[in-house]
Amino acid sequence: MKYVLVTGGVVSGLGKGVTASSIGLILKACGLRVTSIKIDPYLNTDAGTMSPFEHGEVFVLDDGGEVDLDLGNYERFLDIKLTRDNNITTGKIYQSVIDKERRGDYLGKTVQVVPHITDAIQDWIERVAAIPVDGEEGPADVCVIELGGTIGDIESMPFIEALGQFSYRVGTGNFCLIHVSLVPVLNVVGEQKTKPTQHSVRGLRSLGLTPHILACRSTTELEENVIEKLSRFCHVPAQNIITLYDVSNIWRVPLLLKEQKAHEAILKVLNLTGVARKPVLGEWTSRAQLCDMLHQSVRIAMVGKYTGLSDSYLSVLKALLHASVACHRKLIIDWVPASDLEETTAQENPDAYKAAWNSLKGADGVLVPGGFGDRGVEGKILAAKYAREKKIPFLGICLGMQIAVIEFARSVLGLEDANSTEFEPNTQNPCVIFMPEGSKTHMGGTMRLGSRRTYFQIKDCKSAKLYGNKSFIDERHRHRYEVNPDMVPQLEKAGLSFAGKDETGQRMEIVELPSHQYYVGVQFHPEFKSRPGKPSALFLGLIAASCGQLDPLLNKGAAKMSNGTSAIAPHQNGYSVKHANGNGSLDGVIYSNGNGLHA
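Residues numbered from 1 in each chain as written. Predicted model: local features only at pLDDT ≥ 70, side-chain atom pairs only at ≥ 80, totals over all residues. Heavy atoms only, no water.

### Things to note about the overall build of the chain
In step 1: The helix and strand inventory of the chain stands at 21 helices and 24 strands.
In step 2: What you see for the chain is a C-alpha radius of gyration of 25 Å, in line with the 25 Å of a compact globule of 599 residues.
In step 3: If you line up the chain on its principal axes, its C-alpha atoms span 75 × 70 × 50 Å.
In step 4: Long-range pairs, those at least 24 residues apart, make up 73% of the contacts in the chain with a sequence separation of at least 6.
In step 5: Accessible surface, the chain as shown: approximately 24200 Å² in total, 49% of it carbon and sulfur.
In step 6: The average position of the 63 basic charges and that of the 66 acidic charges among the side chains of the chain differ by 5 Å. (Helix = DSSP H or I, 4+ residues; strand = E, 2+ residues; numbered from the N terminus. Rg over C-alpha atoms; globule rule 2.2 N^0.38 Å. Contact = heavy atoms within 4.5 Å. Areas by Shrake-Rupley, 256 points an atom, 1.4 Å probe, with all protein chains shown as cover. Lys, Arg positive; Asp, Glu negative; His and termini not counted. Charge placed at Lys NZ, Arg CZ, Asp CG, Glu CD.)

### Topic: the confidence of the model for the chain
In step 1: Summary statistics for the chain give a mean pLDDT of 88 and a share of 91% for residues scoring 70 or more.
In step 2: Taken together, the stretch residues 558-588 has pLDDT below 50 and engages in 86 contacts with residues farther than four places along the chain or on a different chain.
In step 3: Note that pLDDT drops below 50 for residues 590-599; the model gives that stretch 28 contacts with residues more than four away or on any other chain. (pLDDT = per-residue confidence, 0-100.)

### Some words on the sheet that holds strand β5 (residues 87-89)
In step 1: With respect to topology, seven strands assemble into an open sheet ordered β5-β2-β6-β1-β7-β8-β9, the strand pairing being parallel. Single-partner strands in this sheet number two, and they are β5 and β9 (241-245). The average undirected angle you get between the axes of adjacent strands in this sheet is 20 degrees.
In step 2: Relative to strand β6 (residues 142-147), strand β2 (residues 34-40) runs parallel, the two sharing six bridges. The partner of lysine 38 across the bridge, within β6, is glutamate 146.
In step 3: Strands β2 and β5 of the sheet are contacted by helix α4 (residues 90-103), whose axis makes an angle of about 70 degrees with β5.
In step 4: Where helix α7 (residues 195-206) meets the sheet, it contacts β1 (2-8), β7 (175-182) and β8 (213-218), and its direction lies at approximately 145 degrees from that of β7. (Pairing = 2+ DSSP bridges. Axes fitted to C-alpha atoms, helices over the stretch in contact; angles between N-to-C directions.)

### Brief notes about the sheet that holds strand β14 (residues 419-420)
In step 1: Strand order in the open sheet made by the three strands is β14-β15-β18, with mixed pairing throughout. Edge positions in the open sheet fall to β14 and β18 (481-483), since each of these has one partner strand only.
In step 2: Relative to strand β15 (residues 430-434), β14 runs parallel, the two being bridged by two bridges. Within β15, the residue paired with asparagine 419 across the bridge is proline 430.
In step 3: Sheet contacts for helix α16 (residues 399-411): β14, β15 and β18; angle to β15, the most-contacted strand, approximately 150 degrees.

### A closer look at the pattern of salt bridges
In step 1: Evaluated as defined, the whole model comprises 30 salt bridges.
In step 2: Among the salt bridges present, the one from aspartate 63 reaches arginine 84, with a minimum N-O distance of 3.9 Å. Taken together, the residues aspartate 63 in the loop between β3 (59-60) and β4 (66-67) and arginine 84 in the loop between α3 (70-78) and β5 connect sequence positions 21 residues apart.
In step 3: We classify arginine 84 as partly exposed; its relative accessible area is 36%.
In step 4: For arginine 410, the salt bridge is made with glutamate 378, and the minimal N-O distance between the two is 3.0 Å. On the criterion of sequence distance, the pair formed by arginine 410 in helix α16 and glutamate 378 in helix α15 (residues 377-389) is long-range, its members being 32 residues apart.
In step 5: Judged by relative accessible area, glutamate 378 falls into the partly exposed class, the value being 35%.
In step 6: Sharing partners across several salt bridges, the network here consists of Asp62, Glu75, Asp79, Lys81, Arg476, Arg531 and Lys534. (Salt bridge = Lys/Arg side-chain N within 4 Å of Asp/Glu carboxyl O. Buried < 20%, exposed > 50% of the residue type's maximum accessible area, 1.4 Å probe, protein only.)

### Description of the nonpolar core
In step 1: Ranked by size, the top nonpolar core spans 51 residues in total, and within it Val4, Ile23, Leu27, Cys176, Ile178 and Ile266 carry the most contacts.
In step 2: With seven residues, the top contributor of residues to this core is helix α1 (residues 16-29).
In step 3: Not counting the four nearest positions on each side in its chain, isoleucine 178 is found in contact with Val4, Leu5, Val6, Thr7, Ile23, Ile213, Ala215 and Ile266. (Core = buried A, V, L, I, M, F, W, Y, C linked by side-chain atoms within 4.5 Å.)

### Some words on the packing of α4 against helix α5 (residues 113-129)
In step 1: Two elements in contact, α4 and α5, have axes whose closest approach is 10 Å; the angle formed by their N-to-C orientations is 115 degrees. In terms of axis orientation, α4 runs roughly perpendicular to α5. α4 and α5 meet at a crossing whose hand is right-handed. Residues Lys92, Ile93, Tyr94, Ser96 and Val97 of α4 form the contact with α5, whose participating residues are Val113, His116, Ile117, Ala120, Ile121 and Trp124.
In step 2: Of the residues contributing to the contact of α4 with α5, the split by class is eight nonpolar, two polar and one charged. (Parallel < 35°, antiparallel > 145°, perpendicular 65-115°, else oblique. Left-handed = near helix turned anticlockwise from the far one by under 90°. Nonpolar A, V, L, I, M, F, W, Y, C, P; charged D, E, K, R; others polar.)

Given below as structure tokens:
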């Protein structure tokens, strides 16, 4: 097994996750099998109890692991399925060591950070790296490890020490260290400054790790004299210094690595030069070029609670982008804070209220993502009502599905107090109830998590057609509440269709409004399995409906559009797509405030 370690210095948020994903992609393009591990030095056991405002979205894996959002980047870039153990945290390591100590596994020895914690980290990496994640048998060829945080953080010290030992443990030729650092340009001086990177590398070397490759983040390409200076003071060959300058979309990052022959440097360090082929990135190049060619737009109103931080809905944004490119549209996101749609805001902040409703009314489609807590719930219900009554394409995910059911019960059935017991425990008409097996005392890992099977109850429904007329699907879940099965007959009699249910038939998974052009709610999170070349079926349906392409999509069969089999064909004026096959992905998204998404 070969290992590539990606560390970061100077400041956080440099894009280590995208860099690690891009390194994995380019190695995969060289014909190697790749797996990934993310190390998060926080004490939480996993990301499940962390606020999206603080840490971004919680990404959910097939096995129910609640992990860091960077594992979502790995899965999307490499098209793999990771496990919960691919995300290492300080909490997990210490818990495993303490459990061993309580069992007496250490035979009375004093348990210390060195060697017990550091050994546990190394053993964990070796064990998880051997788990196949690409559907093939046997371990991968290369494991890309990303160490979260920056060099010098006190919580990272045990991991730095462990990885220093690990480099000797696996031996020369099996370990490559890539350090991602910042080369800022001061406006006053106007030149690229190398001192922050020099200090970062010096700190790394003092901790027992020497970088083989420097990946320097900068607004522009590094100048030759800057590369020479970095090479001299950081003891890294000039050809091993890569510039990761700002690009139009992140799909160009692997191409930057290829252009600067980063793969050759990595393969040389790992003694794989004679084994690997030249990287084959034809489709990826076409995809990156396609990203910048889309002009005709589709506008989606994102009605949520965490609209102040785009990373809170990162996978949802990616899934929307995958689908928008499949429909040849440039995605424009209008962030709509759900609470701004409520009457209380109309009284307290009329301008915010007016802006939120203008954004909602100007959208081609409406999406209400998942969430927890009662803040903004009434605003989400109002958004669902508007989309239902005005025939605007609508997709509700998890809580978004539940509020759609509540709104229907209130407006159509006339049950004005209809609600979820999450928000009103004593409601007389509980449309949404707490799941019997859930826990109300412990938060972490107590939800219905991971991949679960949904069986279609109606063959001739939009969601079944979008999934290629399958009898069942497997999607990832993360919820504590569910639609009350006792109210389903009443809701269905009024015109709401529960098109998908679990194997017991008691758990509602997909709801549709047949009289609407596209009004779909799902209890699961389809965004977690969307891929650049394989957009999620339901997101594809939302975007297609929002730009008038749904009927052709349903008639032709969604399978042809979502399986990514067709290619982008060369054209005399650039590139053209034979049909909307999703064989491209736009990861530079325009928001209503004019800002782009950089990661």
